[in-house]
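Spelled out, the chains give:
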Amino acid sequence: MIRGTTLLAMAVVLGLACVFGKGTDTKKGQESTHILLNIDPNVADGPGDKEKKDGHVNDPYWGHRSRKSRYRRPYPSRRRSYPSRRPYPSHTKPPYHTHKPYPTQGPCSSSRPAGATWVNEWHGKLFFECLRGQSLTHIKSDFRDCQKDRIWAFGCGYNEASKESCHWTHGYANQEKEGIFFNCPNHGFISGFDSIYTSSGDRQYKFKCCNDERFDHGNCRQSHHLNSAGKNFNFTVDRDRRFYITGISSCFDSEIKDRVWKIDFCRSVPE
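Quantities reported herein were computed from a predicted structural model and do not represent experimental measurements.

Conventions and cut-offs
- Residues numbered from 1 in each chain as written.
- Predicted model: local features only at pLDDT ≥ 70, side-chain atom pairs only at ≥ 80, totals over all residues.
- Heavy atoms only, no water.
- Helix = DSSP H or I, 4+ residues; strand = E, 2+ residues; numbered from the N terminus.
- Buried < 20%, exposed > 50% of the residue type's maximum accessible area, 1.4 Å probe, protein only.
- Areas by Shrake-Rupley, 256 points an atom, 1.4 Å probe, with all protein chains shown as cover.
- Contact = heavy atoms within 4.5 Å.
- 1 Å grid on protein atoms, 1.4 Å probe; cavity = no way out; pocket = protein on both sides within 12 Å on 5 of 7 lines; lining within 4 Å.
- Points joined across faces, edges and corners; volume = space filled by probe spheres on them.
- Nonpolar A, V, L, I, M, F, W, Y, C, P; charged D, E, K, R; others polar.
- Salt bridge = Lys/Arg side-chain N within 4 Å of Asp/Glu carboxyl O.
- Disulfide = S-S within 2.5 Å.
- Pairing = 2+ DSSP bridges.
- Axes fitted to C-alpha atoms, helices over the stretch in contact; angles between N-to-C directions.

Colleague: A description of the overall build of the chain should follow, citing residues and the corresponding values.
Modeller: Helix and strand content of the chain: three helices and eleven strands. In sequence order, the chain lays out its α and β elements as α-α-α-β-β-β-β-β-β-β-β-β-β-β. Burial status across the chain gives 30% buried among its 271 residues. Within the structure as shown, the chain displays about 20,000 Å² of accessible surface, and the carbon and sulfur contribution to it stands at 55%.

Printed below as a string of structure tokens:
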């Protein structure tokens, strides 16, 4: 009984000691905080504090080191990434693209371009002749690839040598897909064209020539190739110098189904 009472008294004493100890610690903490708050900020630092604070002023590389450390980035990974060798899944498209078919051309137009008085239609008969006393001075021709044919326009000029005798060639001057090498006989000048379109995609030509025994050819020339196969051409002689067309040369291109043309022309000179 006495032993139990003694233990109880000791426990009470220890509890009171803990309570009074905490109170004194709290007071000491408040006093220390109050002391720190009352310190004057203008009081000079202790010896050596300023050197520690302003140490970067005496270091010329301080700013460089700070920027370098600020913007430093880790090195990029040098590991190479390789594409997967697994086959493409069945639900995805292959990596290549299939080309769409080229659009087909529309229907070939049968209209003739403006800007000239065309003598013939596409695949139609061609017939033209100058008035009496005139001969050819101008030839214009356009080709259309979808038609595989040419349309023609002509111009004439006064020529005294075309008043007397005029005649058409007997038969055509060329066979289908063969060359044309024609010059008016008896110092004549061309004054008419006649042509038909054949099933082979070529034309056959006749020519009308006019001549006068009192006039002859002078200073005759031949033009260069007026066109390449499938191209248009426009040719005019110098009428002021009395030049007129006297002959036609042509060869057929079987791939494009068109002709390349040359023209012979001479001056009309009195004998």
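Back to the write-up after that little detour.
Colleague: Give me the lowdown on the side chain of Ser191, citing residues and values where you can.
Modeller: Along the chain, the position of Ser191 falls in strand E6 (residues 189-197). Other than its neighbours up to four places away in sequence, Ser191 contacts Glu129, Cys130, Gln134, Ser135, Leu136, Lys208, Cys209 and Cys210.

Colleague: I'd love a proper account of empty space enclosed by the protein, names of residues and values included.
Modeller: Applying the stated criterion across every chain, the model contains one cavity of 30 Å³ or more. In this model, the largest cavity occupies a volume close to 90 Å³. Lining the largest cavity are 14 residues, with Asp149, Gly201, Asp202, Arg203 and Asp258 positioned closest to its centre. For the lining of the largest cavity, the secondary-structure elements that each account for two or more residues are strand E3 (149-158), strand E7 (203-211) and strand E11 (258-270). Among the elements that take part in the lining of the largest cavity, E11 stands out by supplying three residues, more than any other. Class assignment of the residues belonging to the lining of the largest cavity gives a composition of five nonpolar, one polar and eight charged.

Colleague: Just give me the short version of the pattern of salt bridges, but keep the residues and values in it.
Modeller: Enumeration according to the criterion identifies nine salt bridges in this entry. Put simply, Lys148 and Asp145 hold a salt bridge, and the shortest N to O gap is 2.8 Å. A relative accessible area of 48% places Asp145 in the partly exposed class. A salt bridge links Asp149 to Arg203; its shortest N-O distance comes to 2.9 Å. Remark: Arg203 occurs in strand E7 and Asp149 occurs in strand E3; sequence separation between them is 54 residues. Here Asp149 falls in the buried class, since its relative accessible area comes to 4%. Arg203 sits in the buried class, given a relative accessible area of 2%.

Colleague: Provide a residue-level description of the state of the cysteines, including the pertinent values.
Modeller: For the structure on display, the rule yields five disulfides. One disulfide in the model links Cys184 with Cys209; its S-S distance is 2.0 Å. Across the S-S bond linking Cys184 and Cys209, the dihedral sits near -80°, which makes this disulfide left-handed. Here Cys184, found in the loop between strand E5 (180-183) and E6, pairs with Cys209, found in strand E7; they are 25 residues apart in sequence, far enough to count as distant. Across this residue pair, the class does not change: Cys184 and Cys209 are buried. Here Cys220 connects covalently by a disulfide to Cys266, the sulfurs 2.0 Å from one another.

Colleague: Give me the sheet that holds strand E2 (residues 134-144): which residues, what numbers.
Modeller: Spatial strand order, E3-E2-E9: three strands in an open sheet with antiparallel pairing. The open sheet has two edge strands with one neighbour each: E3 and strand E9 (233-236). Ignoring which end each strand starts from, the neighbouring axes of this sheet average 15° apart.

Colleague: Go over the pairing of E2 with me, naming the residues and quoting the values.
Modeller: Burial analysis of E2 places eight of its eleven residues in the buried class, the great majority of the element. Bridge count for E2 against E3 is ten bridges, and the pairing is antiparallel. Each residue of the ladder has a partner; that of Ser135, found in E3, is Gly157. Taken together, the four bridges between E2 and E9 define a ladder with antiparallel strand orientation. Following the sheet pairing, Lys140 is matched in E9 by Asn234.

Colleague: I'd like to hear about the sheet that holds strand E4 (residues 165-168), residue by residue, with values.
Modeller: With antiparallel pairing, the four strands of this open sheet are ordered in space as E1-E6-E7-E4. The two strands at the open ends of the sheet, each matched to only one other strand, are strand E1 (126-129) and E4. In this sheet, neighbouring strand axes are inclined to one another by 15° on average, regardless of whether the strands run parallel or antiparallel. Bridge count between E1 and E6: four bridges; the pairing is antiparallel.

In short, geometric facts, not functional conclusions.
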